[in-house]
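As a plain string of letters, each chain reads:
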Amino acid sequence: MTSANPTEFSKVKQPDFDKLAPTRSFIEARKRKDIIMQGLIYVAFIIALIPLISVLWTTLFNGIKRLNINFLTFNMTGVIGGNPTPSGGYGGVLHAIIGTLEITLGAMVISIPIGLMCAVYLVEYAQRGGKLAQSISLLVDVMSGIPSIVAGLFAYSMFTIFFGPGTINGFEGSVALSLLMIPTVVKTSEEMLKIVPHDLREASYALGVTKQRTITKIVLRTALPGIVSGVILAIARVIGETAPLLMTAGFISSTNVNLFSGQMTTLPVFVYQEYSKLSVTCPASADASCVPTIPMERAWAAALVLIIIVLLLNLLGRWVAKVFAVKTEQ
Amino acid sequence: ACGDNTSGSSNGSSSSSSAEKISGDFQGAGASSQQSAVEAWIASYQATNPDAKIAYNPVGSGAGVTTFLTGATAWAGSDASLTSEQVDKSKAVCADNTTAFDIPAYISPIAVVFNLNGISGQDKHLNMDADTVAKIFDGKITKWNDEAIAKQNPKVTLPDTAITVVHRSDKSGTTQNFVSYLKDAAPSSWTYDLSENWPNEVGQGGKGTSGVISTVKQADGTIGYADASQAGDLGTVALKVGEKYVPYSAEAASKVVDASPLDESATGENRVVVKLDHNTTADGAYPLVLVSYDIACPAYKDANTAKFVKSWLTYVVSKDGQDVAAKNAGSAPLSDTMRAKITKSIDAIKTE
Amino acid sequence: MGQRIDVNHLNVYYGNFLAVEDVNMKIEPNKVTAFIGPSGCGKSTVLRTLDRMHEIIPGAHCKGEVLLEGKNLYAPDVDPVAVRRDVGMVFQRPNPFPTMSIRENVLSGVTLNNRKISKSDADELVEWALRGANLWEEVKDRLDNPGIGLSGGQQQRLCIARAVAVHPQVLLMDEPCSALDPISTLAVEDLINELKGDYTIVIVTHNMQQASRIADYTGFFNLKAVGQPGHLEYFADTDTMFHNPQNEEAERYISGRFG
Amino acid sequence: MGQRIDVNHLNVYYGNFLAVEDVNMKIEPNKVTAFIGPSGCGKSTVLRTLDRMHEIIPGAHCKGEVLLEGKNLYAPDVDPVAVRRDVGMVFQRPNPFPTMSIRENVLSGVTLNNRKISKSDADELVEWALRGANLWEEVKDRLDNPGIGLSGGQQQRLCIARAVAVHPQVLLMDEPCSALDPISTLAVEDLINELKGDYTIVIVTHNMQQASRIADYTGFFNLKAVGQPGHLEYFADTDTMFHNPQNEEAERYISGRFG
Amino acid sequence: MSSQDKAVVQENTGKTGDKVFKFFAYAAGILILVALAAVALFLLFRAWPLIGGDQSANAATVESFTGGKAHNFWQYVGPLVFGTVLVAALALIIAFFIAVGIALFISHYAPKQVAVVLSSVVDLLAAIPSVIYGLWGGLILVPAIGPFWNWVATYLGWIPIFEGPAASPARTVATVAVVLAVMILPIITSVSRDIFQQAPRLQQEAALALGATKWEMIKLAVIPFGKSGVVSASMLGLGRALGETMAVLMILSPGLTYSVKLLQASQSQTIAANIAAQYPEANDLGVSTLIGTGLVLFIITFLVNFIARKITEKASV
Ligand SMILES: Nc1ncnc2c1ncn2[C@@H]1O[C@H](COP(=O)(O)OP(=O)(O)OP(=O)(O)O)[C@@H](O)[C@H]1O
Ligand SMILES: Nc1ncnc2c1ncn2[C@@H]1O[C@H](COP(=O)(O)OP(=O)(O)OP(=O)(O)O)[C@@H](O)[C@H]1O
Ligand SMILES: [Mg+2]
Ligand SMILES: [Mg+2]
Ligand SMILES: O=P([O-])([O-])[O-]
C-alpha cells in the first residue's frame, strides 16, 4: 500500500538547478527562434494571399465585362459566331448554371450520406486497429487520388453496362463526381468527429441515450460546423471538374432541366469549351457588333459566375456553421 | 426551352424551306476542330427547324467515332477518315447491313503562326519553304536570323532571337495534317513517322489550339501551328508553293482540296475521302489544310434519325451552310465539284 | 423508490488488465453509499460498472453479477441503454453539452430520448432540477445562455441538475464536488440527502468528511500495490467505518483523517 | 529564495467584463498564501494574473500592478515568457502532455530551457520531482509509458512534478488537490511545506482545512452578486482569518466550516 | 403508470433506431470498399488488353502515343509515373509548410477578428474550382512568374533542379507545382486550422506556464495534437495533386523524360493530364493503354498512402 511519507523529497539529493538553468544566450536564441517562427508564419500567410488576390482579381476583372442579366438568363442556343443573338446578348450560361447546380446537388445527395455514415462507422463503430476499419480508411485515402477523368470513365462505363451504350446524362455526372467527393467528406468528417470530446459521449450514454441518438444529437451536432466546412471543401473539389463531366454529362447549348435524361452543360465545361474556342471569326462584312474575342470573354464571365456560386455556397455554409456553432462565451 | 435565344423571323431563308420540318433530340459527337462551325450550323439550322434539339459534344475525333459506333449518336465529326476496321464495325449500328461513310464537311487552312517582336502582326508574313519549316520544327534551326530564313525574307531584318517551337501536346488531327505536310513536302528534313502525337522533344506543347495560341502569344520568338481562324494578330508563314510564297486563306485552301484526288484505297460504299496533295504546285493553292469529316450511316434503325441526318448533312454541305461556317469559323467552303460528289452520298441515306 | 444493488464476485477488466478484483457488496435502496480509497484503486471503475458505462471503453468488460432489484444488469437480454436510463451518473469533470443552452442541458435527458414534454412541464422541471443543484439563483436570468459559459463549479452543478432531471432510480456520482466550492458542496450534499428519499445514491469521494456526513454506508477500496488489481477492502455502515472499523487497512487510511 | 509579490490596484477583465476589482495584497516570500472564496469570485482569475497567464485568453487583460520583488510584471519591457519561467503553475485539471511519456512530461519544462541536459542529470531530476509529488513509487517502473495512461490523481501529481522540475521562484496552484485522494493530498501538502523553504507559494483551494493547515496567509475573495465583479474581501494571516477574522463576510463564510 | 408504458415504447424505438443506424454506418463503410473494388476491377478489366492482348498491337499503340519514343507500356508509363510523383511531391512540399503556417497563423497568431476574416479567405481559396486555376495558371501566372524563374535559373542554376535556361513561356513543372500547391494549400490549411483550433487549452496553458515561448508552446501542445490530422489533410491534398487533370493539362508543356529540370519545358507529364490529353483521339486499344496508366496511378496512390500510414503509425506510437 502506498503510504504517506512526508520526507519523500529528501530521499534524493536535490538536483543542481544552477546547472540546469538556461544560459542568457540560450534564452536569447529561444526568443529569436520564436520571432523567426512568427515571422515565417506571417510570411506564409502573405505568400498565400498573392495567388488568391490574383485569381480573384483576374476573374473579376475579365469576367465582369460580360456578366449581365442577359448572360444569366439565356443559354447558348441561336448563338452564331461573334454575332449578337436575337435576345440582344452574346449567349449566356443559364443552362450551365442549372446543370452545375443539379449535378452538384446530385453528387451531394449521393456522397454526403455515404461519406458521413462512413466517417461515423470509422469513428464510432469500428474497433480501434480493426482490419475492416483500417482497410476502409486506407482505401478512402486511395480514393482521393483517383484522377477525375478515371472517375468519369468509370461512371461512363457503368452507365453503359446498365443503361445501354453511349448513355449520357446529368446524373451520370453526379455519380462520377460522388466518387471524387466521398473521400473528402469522409476524411474531413472523420477528423471532426474524432475531436468531439469523449466526455460528451459518456454524458449522453449516462443519461440513457442510445448510441444512435448520442451520435446524431450530440456527436454530429457538436461536430456540425466542422462537417459543414468539410462538405463545402468537398463541393469545391468537384464543382470545378471538367474532364469527367464532358464524358458523362456531355455538352449542349440548350437548357436541360432533367437530371436523368439528356446531356447537360455545367459551368466548368462551358468555361473550358469557350476557352478552347479562344476566338471566333468575324466576317469581313461584319460590323462592330460582331465580337471576335467573345468566347474568352464568356469563359471568364462564366468563371466569375462559378466563383460567385461557390462564394454563396460558402456564405451559406458559414452561416450554417455559425448558427450551429458550439456556443462559447456570450 | 427556357433561356433559349429566340431567333428573329427574318432568318427562314430559302435553303430548306421546301423540306419537311425536323423535330426531336439528336446527338452528335467528335472532332473539336469543327466545334465553332457546328455551333453556327446548329444555330442556323434550328432557325428553320426550331423543334430539332441538337447537341454536339466536342469530345474529340476518336471518342466521337467510338461513340458513333455504339449507336449512341446520329453522326460523328472526325479529323481522320474511317479505318477499314471501323467501317466493318459500323455494320452493327447502321441498318440494312450497310456500312458507315465519311464526307468532308469542314475544311480549314492550318496556319504556321509566330510571335516575333517588331515583325509579327496581323496579316504580316514571313516566307518559308517546307524544308525550312521542317528544320525549325525539328530544332535544326534555332535562331530567327538563321541564314535559311533570312535568305527567303530579304526585306526583313530578323533579330537574333531564339526560336521556341510550340506544338500540340494532345493527340490531334491538326498535328497529323501538319506533319503529313512536312513529310510529303520536305521528306529529307522530316523523317518521323506519321502520327497524331508530336514526335520530337523540341520546344513546348500546348493543350488544344487554344493552348498553342496562348503559348505562342506569351513569349517572344515562338512559332507554332494552329487552325488558321485562331491566328488573330499573330504573324503567319507564307508557304512556298511552286515558285511563289502563298499565305493562308480560305480560297487557297479550297484550291488544294480541289486539286487533290480522292483516296481510292478507302473501302466501303459512299465514302468521300480526300487524299491531300501536299506537293501541289497549283497556282495560289495553300497546301497545309485540315479536312474534317462527318460520319453517318446510309440507313438508320430509326426513321426520324435518318430524316434528320439527311437534312442536317444536306444543310451542312450546302452553300449556305458552308458560308455560315466560313463567316463564323473561318473555314474554307467546299467547292461545287466537291459538293456534287458529297451530295450523292448524302442522297443515298434512306429515310423510308 | 430507489432500488437495491447487489454486486457479486465482480471482476473488472481493461482489456487483459484486471483493474478490480472480486467485489462483493450490497447497496441498500434509498441510502447513500460512499466509495473511498486511494487514487487508482478502482473506485471510478467499479462505479461505472453499476450502470454499464464501463463497457463503452474499448476492450473494457467485466465478469460477475450486478443485480438491480435482483435482476442481473449483465444478463444477456438486458439493454445497457435501458439500464443507464434508470441509473443516472454525474462525472468527475463537468461535461455540459457545448451546443446546448443551460435550459437545454437540463432537459437533455428528456429530449435526447425523444420524449415529448410540454413547455410548462419543462419549465417546472428545469427550475426544480436547477434549484436542487443550487444553481437556480445564479442562472435563472440566463437560461438560454450556453452551458459551457459557466465557471467550472457552475458547470458541475449544471451536470448534476441534468442527471437528476431524468428521475433515475439510482444516482451514481464520481467525485461530484471535487470542483465545487463549499457552498455549492453543501447544496449538493443537501440535495443528496433530499434525493435519497426517492433514489439509491452511490458516490465516490476523496473527502472523508463528506462521506461521513452524507453516507449511510461506506466502502473502502484499496490496492495492494501499483499495477495490482484494486479490491473492496472493507464495507460497513458509515458509523462503523469511521468510528469503529473492523479492518486494519481502513483504520489506517481513515486515521490519517483530513480533507 | 522565494520572491515577494505585491499586488496594487489590480482590475482584471475578460474583454469588457470586469471580473475582479481593485485587488491589493502583499504576498510574502517563502510563505504559503491561500485564496479561498465561493465559486466564480475570481480566485483563479487573480492567480493567473500573477504569472501573466491571464492574458493568453483572447481579450483578457488587466490594469494595475503586480510587483515581483518590486519589479512590475506588467511593465512594458517585461517578457511574459521569462515571468512564467520564474513563476510556475499547477492547474485545476491535470494536463499532462498526451504524446509524452511520464519521464518526458517531467522533463518538458527543463528541456525548453536547456536542451543539452545529460542523461544522469535528467534521471536525477525526474526522480527528485516525482518523489516530491509522491508519484515515484507508482511509476518508477514505467517511466516510458504515456503520461495520460495514469489515473486522474496520478496525472495531477505528474503535473506537479513537471512544475517543480523547472525550479520556479514562485509556485501558483489552482486547486491542485481537488482531484486527489487524501494520501496524495497529504503528500502534496507536505511538498508545499517543504518547498516554501525555497519558494513563494500561492494556492487556490476550496478546502478550508487545507488552507488552515498549510497557509501562512489567506485571502478571502467574494462577490457581491452574480455578474458583479469579485473582489478581495479580506486578507490576513491564516490564524487571524480562521480564528479571529475582522471581517463579517469572511466570518460568515468560514463559520459554515466544512470541507 | 402511463409514463412507464411510454418509456417501454421509447426503448423499443430507440433500439431499432440504433440497429438501423449501425447498419447504415457499416453499409456506408462497406459501400466504399465495394465502390473502390469496382473501380479497381473496372480499371483492370479495361486495361486487360495490355496484358492479355496482342503485344505488337500494344507496341504500335504506345508508339503512336509517343511518336515512336517508347515501344512498350512500361517505357511509356515510367516517365509518366515519374512526372506525376514529381509534380505532386513538389506541390505538397510547397503547400505543406505554407499551409501549416497559415493554419497556425489563423489559430494562434492572428487577432480574433482577423482570424475570422482569414478563415473565410482560406475557405474561399479552397472553393475556387480547378478549371479557374487552370485558366489563371495558364494565362496569368505563366507570363508573370517567368522573370522569377529566370532569376532562379541565373542565380541558383548550379543546383541541378534549377538548371537553366528557364523556359519561356514558363509552362514547366515548376510552374505547375506552384499552381497545384495553391490548389491544395487551402485544403490542408482548412483542415489543419480546424484541428489546431481544437488543440486542448489545458495543455497549451501547461506549456506556457512552464515558460515556453509561443512557438515552443505550439511545438509542445498544438502540433503533437494536430499531427495525425495534418498528415491526413496532406494526404487529401496529395491525392488531389496526384489526380489533378485540367490545371496540369492547361499549363504544362509535357514531355516523357526522367528529368528533374524543373525550369525547362517538355520534361514531364502527369498520368491524369496525359489521359485527358490522349483520350479524345484514342481508339479502343489506346483507351486501354491510357486506363492502364490510370491503374498504375491507382497503385501509386495506394502505395503512397500505405507508406504514409505506416509512418504516422510509427510516429504516434
Ligand atoms: N481507460 C483505462 N484504460 C486502462 N486502464 C485504466 C483506464 N482507466 C483507469 N485505468 C486503470 O484502472 C485502475 C483503476 O482506475 P480508476 O480510475 O478506477 O481509479 P480511481 O480509484 O477512480 O482513482 P482516482 O481517485 O484517481 O479517480 C488504475 O490502475 C488505472 O490506471
Ligand atoms: N475565459 C473566460 N471568459 C469570460 N469570463 C470568464 C472566463 N473565465 C472565468 N470567467 C468569469 O470570471 C469570473 C471569475 O471566474 P474564476 O474562474 O476566476 O472563478 P473561481 O473563483 O476560480 O471559481 P471556481 O472556484 O469555480 O474555480 C466568473 O464570473 C467567470 O464567469
Ligand atoms: Mg476516479
Ligand atoms: Mg477556479
Ligand atoms: O481538332 P484537333 O483537336 O484534333 O486538332
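Residues numbered from 1 in each chain as written. Chains lettered and ligands numbered in written order. Predicted model: local features only at pLDDT ≥ 70, side-chain atom pairs only at ≥ 80, totals over all residues. Heavy atoms only, no water.

Going by the annotation in an unreviewed UniProt entry, the name recorded for chain E is Phosphate transport system permease protein, with Bifidobacterium tissieri given as the source organism. Check the Function (unreviewed entry) section of the UniProt entry for chain E; it says "Part of the binding-protein-dependent transport system for phosphate; probably responsible for the translocation of the substrate across the membrane." (UniProt positions renumbered as here; feature names shortened; annotations may be inferred.)

Novice: Report on the interface of chain A and chain E, specifying residues and quantitative values.
Specialist: Facing 84 residues of chain A, the contacting portion of chain E comprises 90 residues. Connecting chain A to chain E are one salt bridge. Between arginine 30 of chain A and glutamate 216 of chain E there is a salt bridge, with its nearest N and O atoms 2.6 Å apart. Where chain A packs against chain E, one counts 10 residue pairs in polar contact (both at pLDDT 80 or more). Among the elements that line the side of chain A that touches chain E, the one with the most residues is helix H2 (residues 24-63) of chain A, at 19 residues. Class assignment of the residues belonging to the side of chain A that touches chain E gives a composition of 54 nonpolar, 20 polar and 10 charged. (Contact = heavy atoms within 4.5 Å. Salt bridge = Lys/Arg side-chain N within 4 Å of Asp/Glu carboxyl O. Polar contact = N/O pair within 3.5 Å; in protein donor to acceptor, adjacent residues only side chain to side chain. Helix = DSSP H or I, 4+ residues; strand = E, 2+ residues; numbered from the N terminus. Nonpolar A, V, L, I, M, F, W, Y, C, P; charged D, E, K, R; others polar.)

Novice: Let's hear about the UniProt feature "domain: ABC transmembrane type-1" (unreviewed entry) in chain E: which residues, and what values?
Specialist: Per the UniProt record, the feature "domain: ABC transmembrane type-1" (unreviewed entry) sits at residues 81-308 of chain E. Helix makes up 77% of residues 81-308 of chain E and strand 0%. Its end C-alpha atoms lie 18 Å apart.

Novice: Before we move on, could you go through the sheet that holds strand S6 (residues 87-90) of chain C and cite the residues and values that matter?
Specialist: All names here are of chain C. Spatially, S5-S4-S1-S2-S10-S9-S3-S8-S7-S6 is the arrangement adopted by the 10 strands of the open sheet, whose pairing is mixed. Two strands close off the open sheet at either side, each with one partner strand: strand S5 (71-72) and S6. As paired elements, strand S1 (residues 5-14) and strand S4 (residues 60-68) share eight bridges and run antiparallel to each other. If you follow asparagine 8 over to S4, its bridge partner there is glutamate 65. Running over the sheet, helix H6 (residues 152-164) touches S6 and strand S7 (170-174) and is turned about 175° from S6. (Pairing = 2+ DSSP bridges. Axes fitted to C-alpha atoms, helices over the stretch in contact; angles between N-to-C directions.)

Novice: So, the sheet that holds strand S4 (residues 60-68) of chain D: which residues are in play, and what are the values?
Specialist: Residues and elements named next belong to chain D. Spatial strand order, S5-S4-S1-S2-S10-S9-S3-S8-S7-S6: 10 strands in an open sheet with mixed pairing. Every interior strand has two partners, whereas the edge strands, strand S5 (71-72) and strand S6 (87-90), have only one. The sheet strands contacting helix H6 (residues 152-165) are S6 and strand S7 (170-174), and the helix crosses S6 at an angle near 175°.

Novice: Now, about the arrangement of the chains: what can you tell me, with residues and values included?
Specialist: No other pair among the eight pairs of chains in contact exceeds the contact count of chains A and E. Across the gap from chain B to chain C, with no contact made, the nearest C-alpha atoms are 45 Å apart. Left apart from each other, chain B and chain D have a closest C-alpha approach of 49 Å.

Novice: Describe the interface of chain A and chain C, with residues and values.
Specialist: Taken together, the contact pairs 24 residues of chain A with 38 residues of chain C. In total, about 2700 Å² of surface goes out of reach between chain A and chain C, with carbon and sulfur atoms giving 59% of it. Summed over the shared surface of chain A and chain C, the result is one salt bridge. Two residues, glutamate 202 of chain A and arginine 48 of chain C, come together in a salt bridge whose shortest N-O distance is 2.7 Å. Between chain A and chain C we count seven residue pairs in polar contact (both at pLDDT 80 or more) in total. Listed by contribution, the elements that provide at least two residues to the side of chain A that touches chain C are helix H8 (198-206) and helix H9 (211-239) of chain A. The element contributing the most residues to the side of chain A that touches chain C is H8 of chain A, with seven residues. (Buried area = accessible area lost by both parts, 1.4 Å probe.)

Novice: Explain the site of ligand 1 residue by residue, including any values.
Specialist: By nearness alone, 17 residues border ligand 1, and Ser39, Gly40, Lys43, Ser44 and Thr45 of chain C come closest of all. Near ligand 1, residues from chains C and D are present, making the site a shared one. Lysine 43 of chain C is positioned such that a nitrogen or oxygen atom in its side chain is 2.9 Å from an oxygen atom of ligand 1. Serine 44 of chain C places a side-chain nitrogen or oxygen 2.5 Å from an oxygen atom of ligand 1. For ligand 1, whose free accessible area comes to 630 Å², the fraction covered by protein is 77%. Residue assignment for the shell around ligand 1 shows that the elements contributing at least two residues are helix H1 (43-49) of chain C together with H6 of chain D. (Near = heavy atom within 4 Å. Areas by Shrake-Rupley, 256 points an atom, 1.4 Å probe, with all protein chains shown as cover.)

Novice: Go over the site of ligand 5, please, and point to the residues and values.
Specialist: In the vicinity of ligand 5, the contacting residues are Ser32, Ser33, Asp79, Arg168, Ser172, Gly173 and Thr174 of chain B together with Glu281 of chain E. The residues that come close to ligand 5 belong to more than one chain, namely chains B and E. Taking aspartate 79 of chain B, its side chain carries an N or O atom lying 2.7 Å from an oxygen atom of ligand 5. Contacts to ligand 5 include glycine 173 of chain B, whose backbone N or O atom sits 2.8 Å from an oxygen atom. When ligand 5 sits alone it has 200 Å² of accessible area, and the protein chains cover 96% of it.

Novice: Tell me about a nonpolar patch on the surface, and name the residues and values.
Specialist: Judged by side-chain polarity, Ile299, Phe302, Leu303, Phe306, Ile307 and Ile311 of chain E come together as a nonpolar surface patch covering roughly 550 Å² of accessible area. As for its placement among the helices and strands, isoleucine 307 of chain E is situated in helix H11 (residues 284-316). (Patch = residues over 30% accessible without salt bridge, like charges linked within 9 Å, V, L, I, M, F, W, Y side chains within 5 Å.)

Novice: Before we move on, can you summarise the side chain of aspartate 6 of chain D with the specific residues and values?
Specialist: Residues and elements named next belong to chain D. Note on placement: aspartate 6 falls in strand S1 (residues 5-14). Among the polar contacts listed, one links the side chain of aspartate 6 to the side chain of arginine 4, at a separation of 3.2 Å. Discounting residues that sit within four places of it in the chain, aspartate 6 has contacts with Met25, Lys26, Glu65, Val66 and Leu67.

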